[in-house]
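Chains, contacts and geometry: an overview
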Amino acid sequence: MDKGTNTKEPLRVAQIIGKMWAGGVETVVFNYYREIDHNKVQFDFFYDSDSTVTPPKDIISMGAKFYKLPPYQRLWRYIPELRKYLLENNYSIVHSHLNTISVFPLFVAWLVKTPVRIAHNHSVLGGNEWKRNILKLFLRHFSKIFATNYFACSEKAGRWLFGNKNFDKGKVLIVNNAINFDKFNISEQTISNIKDKLSLENRIVIGHVGRFTYAKNHMKLLDIFNEIYKKNNNACLLLIGDGELHNDIVERVKELGLTGKVICTGKVSNPEVYYPLMDLIILPSYFEGFSIVSIEAQISGIPVLVSDAVSKEVCISTACKYMNLKEDNRKWAEQAISMLNMKVKLFPACYMYDIKKCAPKLQGWYLKHGKK
């Protein structure tokens, strides 16, 4: 996008992103920020102090500001701190990405009379995580109270939080989890270097990208890979990411006798360079508002096998298959093996996730509804 000169002050939008842990939501918001015209729109990011990563330097260099808040679990500190910043900056738009938790920052925005208050849902009800589900179901009733506008990453996420009636009436705006396609053109030399570093040459590589958290269902992934390994001992599992279940996953790897066959990279800032190392990605998630990893994998030319809990919008190629989580691990393994040599042919619909097409639309929305 042409980021030409502009003598007017840009519209500043408060982006409430919660905890930064190199996850999907902040990645998407950063993707949009990198593509908007910063002479017209700027973002101020509000994040929790217990985040596990620091603000990206390139984002700061583009003019974004970052404000650290107490964790939203400590509402007695979170609310007055956020109120102070919102009053100081006098935003006309507050855009919250905290799903059902958005009720709290949007309440603060309502208190200070911010005219445009966006509740953006990136999630859905999840699996057997009953404590969190109870909280989600409770807070869902309050999700619309302080919001003036409803955004969602997918139809599934939009209908779940804001209701079928609002969705069918067109009151929910779908903002696609868009990516920069150019980032996924990785040089052969880079691929070769990482393969050598991780000793992946001439091996069948099953991959996964995502936080080590309940929603991603790593335990089933390990059981599926175990069945694959029984059929082909040249296979390995490459896990990109980290999280609170790290120790549980390591322990399960030992129990299955897969030590040395499962490679963990930890958190990385450039997951795009790891996709070409993989022959297949398996994502047996319990729940996903939207799986950006599925999109990134297919753009990279990698087939994906996902659980049917994942939104259908992620199927953008001939090499995306769904399976029910109740299916036997051996059946998952058989399906996975059948996909190893599958060619990825992208559908034209894939370009709805091109950040260069999506960013101008969001920027236009901000400029139409906000005020400088």
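Refer to the structure above for everything that follows.
My aim in this report is to walk through the structure given alongside it, one point at a time.

Procedures and definitions
- Residues numbered from 1 in each chain as written.
- Predicted model: local features only at pLDDT ≥ 70, side-chain atom pairs only at ≥ 80, totals over all residues.
- Heavy atoms only, no water.
- Salt bridge = Lys/Arg side-chain N within 4 Å of Asp/Glu carboxyl O.
- Buried < 20%, exposed > 50% of the residue type's maximum accessible area, 1.4 Å probe, protein only.
- Helix = DSSP H or I, 4+ residues; strand = E, 2+ residues; numbered from the N terminus.
- Pairing = 2+ DSSP bridges.
- Axes fitted to C-alpha atoms, helices over the stretch in contact; angles between N-to-C directions.
- Contact = heavy atoms within 4.5 Å.

Here we take up the pattern of salt bridges. Using the criterion set out here, one finds 16 salt bridges in the structure. The closest approach of N and O atoms between Arg 159 and Asp 168, which form a salt bridge, is 2.8 Å. On the accessibility criterion, Arg 159 (24% relative accessible area) is partly exposed. Judged by its relative accessible area of 54%, Asp 168 falls in the exposed class. The partner of Glu 227 in a salt bridge is Lys 230, with the nearest N and O atoms 3.3 Å apart. Taken together, the residues span about one helical turn, with Glu 227 and Lys 230 both in helix H9 (residues 218-231) at a distance of three residues. Classification of Glu 227 by relative accessible area gives buried; the value is 16%. Overall, the relative accessible area of 58% leaves Lys 230 in the exposed class. Where salt bridges share partners, they join Lys 19, Asp 48 and Asp 50 into one cluster.

Turning to the sheet that holds strand E3 (residues 65-69), a few remarks are in order. The pairing of strands in a sheet happens through backbone hydrogen bonds and is either parallel or antiparallel. The parallel open sheet is built from seven strands, whose spatial order is E3-E2-E1-E4-E5-E6-E7. Both outer strands of the open sheet, E3 and strand E7 (172-174), are each paired with one neighbouring strand and no more. Neighbour to neighbour, the strand axes of the sheet diverge by 25° on average, direction disregarded. By the bridge criterion, three bridges tie strand E6 (residues 149-152) to E7 in an arrangement that is parallel. What sits directly across from Ala 152, in E7, is Ile 174. Relative to strand E5 (residues 116-121), helix H4 (residues 103-111) is tilted by about 175°, and along the sheet it contacts strand E1 (11-18), strand E4 (93-96) and E5.

Shape is all these values report; function is a separate question.
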